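What follows is each chain in one-letter form.
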Amino acid sequence: MIGLRSALSELAWPSVMTDHSAMLMALLRQYDVSQWWTAEQLQEAQFLQLSQLAEHAFRTVPFHAERLRDAGFVSGMKMTPQIWSRLPILTRDNVRDAEKKLRATSYPETFGETSWANSGGSTGIPVRVLKSGMDGVMWQAAHLRELEWNGIDFSLEIANLRGAASYLKALSQNPGAFEDLGGLILADWGHPAALLRETGRMGLLEPTLPLATQAEYLMKRRPGYLIMRPSGLRLILGHFREMGLTLDSLRSVWTMSESVDESLRELCREVFGCPVISSYSSNETGYIAIQCPDATNYHAVSESVLVEIIDQHGNPCKPGEIGRVLVTPLHNYAMPLLRYQVGDEAEVGPPCPCGRGLPSLTRIVGRIEDYLTLRSGEKKRVHAEHYRISAIRAVREFQLVQTSFETIELRLVVSRALDADEREELDDVLRSAFEAYLKWSVVFVDSLPRTSAGKLMQFISEV
Ligand SMILES: [Zn+2]
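We now turn to the structure provided with this report. As the structure is a prediction and not an experimental result, all values here were calculated from the model.

Cut-offs used in this document
- Residues numbered from 1 in each chain as written.
- Predicted model: local features only at pLDDT ≥ 70, side-chain atom pairs only at ≥ 80, totals over all residues.
- Heavy atoms only, no water.
- Donors = N, O, S within 2.8 Å, 3.2 Å for Na, K, Ca; no water.
- Tetrahedral: all angles 85-135°; square planar, octahedral: opposite > 155°, others 65-115°.
- Helix = DSSP H or I, 4+ residues; strand = E, 2+ residues; numbered from the N terminus.
- Buried < 20%, exposed > 50% of the residue type's maximum accessible area, 1.4 Å probe, protein only.
- 1 Å grid on protein atoms, 1.4 Å probe; cavity = no way out; pocket = protein on both sides within 12 Å on 5 of 7 lines; lining within 4 Å.
- Points joined across faces, edges and corners; volume = space filled by probe spheres on them.
- Pairing = 2+ DSSP bridges.
- Right-handed = clockwise from strand over helix to strand, strands pointing away.
- Axes fitted to C-alpha atoms, helices over the stretch in contact; angles between N-to-C directions.
- Parallel < 35°, antiparallel > 145°, perpendicular 65-115°, else oblique.
- Left-handed = near helix turned anticlockwise from the far one by under 90°.
- Contact = heavy atoms within 4.5 Å.
- Nonpolar A, V, L, I, M, F, W, Y, C, P; charged D, E, K, R; others polar.
- Expected span 1.5 Å × (residues − 1).
- Arc of directions from axis to C-beta.
- Salt bridge = Lys/Arg side-chain N within 4 Å of Asp/Glu carboxyl O.

## Remarks on the coordination of the zinc ion
Protein ligation of the zinc ion involves Cys292 (SG), His299 (NE2), Cys352 (SG) and Cys354 (SG), the donor distances falling in the range 2.1 to 2.3 Å. Here the zinc ion is ringed by four donor atoms whose angles at the metal span 102 to 115 degrees, and the overall shape comes out tetrahedral. Positions of the donor residues of the zinc ion along the chain correspond to the pattern C-x6-H-x52-C-x1-C. You can see Cys292 sitting in the loop between strand 10 (286–291) and strand 11 (298–300) and its partner Cys352 sitting in the loop between strand 14 (340–348) and strand 15 (360–367), a full 60 residues away along the chain. Judged by relative accessible area, Cys352 falls into the buried class, the value being 8%.

Take a look at the structure:
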């Protein structure tokens, strides 16, 4: 779900593009300007791009042509917000079932070689999307923008504990790589950062190693930046605090794939003395939003994606409202995704005080499949106050599991027994979330399972 993709994000390069670094530099300089455009200017620019994308989809993807025609679009016309809003949502089911039908029958060569991106895995609905080389370029440009926004010092070492075995394997053949303390140390940060700048080293370590091993690695390598999932970060922070260990080399921690709540940001400030920087992306769409450098809200990456947040009636949400996230990548001409429902919900933010016109999202709420199923068949959104659970010091990790139509379990990994106040706090969270529908219980476990992609789900339904 959420992710600041590491500097490793794109190992494959679109081969038709010769002057890749120049293109990235040009995009970054363009972003320097466009991020300060007003919301109206950004929308106008986006609809110019949408007009071209819709025209291409109309001519080359019969699936979209039919939908576009029904919405009132005709070839040669400019896309308007009214026509756009009439276009049906493209669901993950659509993409899974109509994968072949969604591919463009022809495709401009200048957009680079295509490649498949997989997403979903064991959670939700797995989908495959064909992306263009240009999507890879936009991904890299967004990542570089994120580094620039946060004033990253390229000379420092990164510790990358994101745990992608295939990446580790691919990179173990990297020239100049050597092993240290159970991790693999690479000569630089890889693409795209190392294309444009001289960088420090990057160390890769499996986050499944014992916490003591991870801590020893970090204390010896003293990296300037740490990349890992929020759930893994919470564990390592808990370990440092419990063992009285310190690490003062970190400037920031970059997280991906899972949501970051305020309690994790606070814990990181307390233990590592540095902020958490998170962003929001998906394999199918690329970067969706990046954390504002001046705050903890997110800015949509409007230069490469149109982000819409809509309510249950399909109307755009207002600031403070939570709705479904629809994303339209503006540069995927290989398999255009028009109004693609990523599967998350987000809260629309007010205009950001930083002055950037890029739309603001206060938070990414999580997967929209997080629903309780009642015996009547009725679905209820899971409304547990997760942050109150994770604010309890002894809680290492937790997961809510609906085990039957009548029961839900809170599964907890704790570092010590909970005291009476902490138990009462948990009961209170569970009572207010579930009392009306389900019986709840608290179950202590040694560990919680991860998905095949290494992600810890906060809610699972076994119903
Ligand atoms: Zn901002």
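## Thoughts on empty space enclosed by the protein
Under the defined criterion, the tally for this structure stands at two cavities of 30 Å³ or more. In this structure, the largest cavity encloses a volume near 90 Å³. As for the largest cavity, its lining consists of 13 residues, and the residues nearest its centre are Asp135, Met138, Thr285, Gly286 and Ser304. Those elements that place two or more of their residues in the lining of the largest cavity are helix 6 (133–149) and strand 10. The element that contributes the greatest number of residues to the lining of the largest cavity is helix 6, accounting for four residues.

## Looking at the pairing of strand 8 (residues 252–255)
Burial of the side chains of strand 8 extends over both faces: Ser252 and Trp254 are buried on one face and Val253 and Thr255 on the other. Pairing between strand 7 (residues 225–228) and strand 8: four bridges, direction parallel. Bridged to Met228 within strand 8 is Thr255. Each parallel crossover has a hand, and for strand 7 linked through helix 10 (residues 230–243) to strand 8 it is right-handed. Strand direction decides the pairing type here: strand 8 and strand 9 (residues 276–282), joined by three bridges, are parallel.

## Notes on the packing of helix 10 against helix 11 (residues 262–271)
Contact geometry of helix 10 with helix 11 gives a least axis separation of 10 Å together with a crossing angle of 40 degrees. Judged by the inter-axis angle, helix 10 sits oblique to helix 11. In the crossing of helix 10 with helix 11, the sense of the turn from one axis to the other is left-handed. On helix 11, the residues touching Pro230, Leu233, Arg234, Leu237, Phe240 and Arg241 of helix 10 are Ser263, Leu264, Leu267, Cys268, Glu270 and Val271. Class assignment for the residues of the contact of helix 10 with helix 11 results in eight nonpolar, one polar and three charged.

## Things to note about helix 1 (residues 20–34)
With 15 residues, helix 1 should reach 21 Å at 1.5 Å per residue; the first-to-last C-alpha distance of 21 Å fits that figure. For helix 1, the complete set of buried residues consists of His20, Leu24, Leu27, Leu28, Tyr31 and Ser34. Projection of helix 1 onto a plane perpendicular to its axis shows the buried side chains occupying an angular sector of 125 degrees, all on one side. Each element contacted by the buried residues of helix 1 is listed here: helix 2 (39–60), helix 6 and helix 8 (193–196).

## Quick notes on the side chain of Glu422
Note on placement: Glu422 falls in helix 13 (residues 420–434). Leaving out residues up to four positions away in the same chain, Glu422 has contacts with Ile392, Arg416 and Ala417.

## Thoughts on the environment of Arg396
With respect to the element layout, Arg396 can be found in strand 18 (residues 395–402). Classification of Arg396 by relative accessible area gives buried; the value is 14%. In this structure the C-alpha to C-alpha distance between Arg396 and Leu233, which are 163 residues apart in sequence, comes to 10 Å. When near neighbours in sequence (up to four residues on either side) are disregarded, Arg396 contacts Leu211, Arg234, Leu235, Gly238, His239, Glu242, Val413, Val414 and Ser415.

## Digging into helix 11
Of all the positions in helix 11, only Ser263, Leu264, Arg265, Leu267, Cys268 and Val271 are classed as buried. Within two residues after helix 11, Gly273 carries a phi angle of roughly 65 degrees, on the positive side.

## Examining the pairing of strand 13 (residues 322–329)
A large share of strand 13 lies buried, amounting to six of its eight residues. As defined by bridge partners, strand 12 (residues 305–310) adjoins strand 13 across six bridges and the pair is classed as antiparallel. Counterpart to Ile310 in the pairing with strand 13 is Arg324. Across five bridges, the pairing between strand 13 and strand 14 is antiparallel.

## Remarks on the pattern of salt bridges
Enumeration according to the criterion identifies 28 salt bridges in this entry. In this structure, Glu406 engages Arg375 in a salt bridge whose closest nitrogen and oxygen atoms are separated by 2.8 Å. Here the residue Glu406 occupies a position in the loop between strand 18 and strand 19 (407–414), and Arg375 occupies one in the loop between strand 16 (371–373) and strand 17 (379–381), the gap between them amounting to 31 residues. By relative accessible area, Glu406 is classed as partly exposed at 36%. The exposure class assigned to Arg375 is exposed, which follows from its relative accessible area of 58%. Among the ionic contacts, a cluster of salt bridges with common partners joins Arg29, Asp32 and Glu148.

Any functional reading would require information that these geometric values do not contain.
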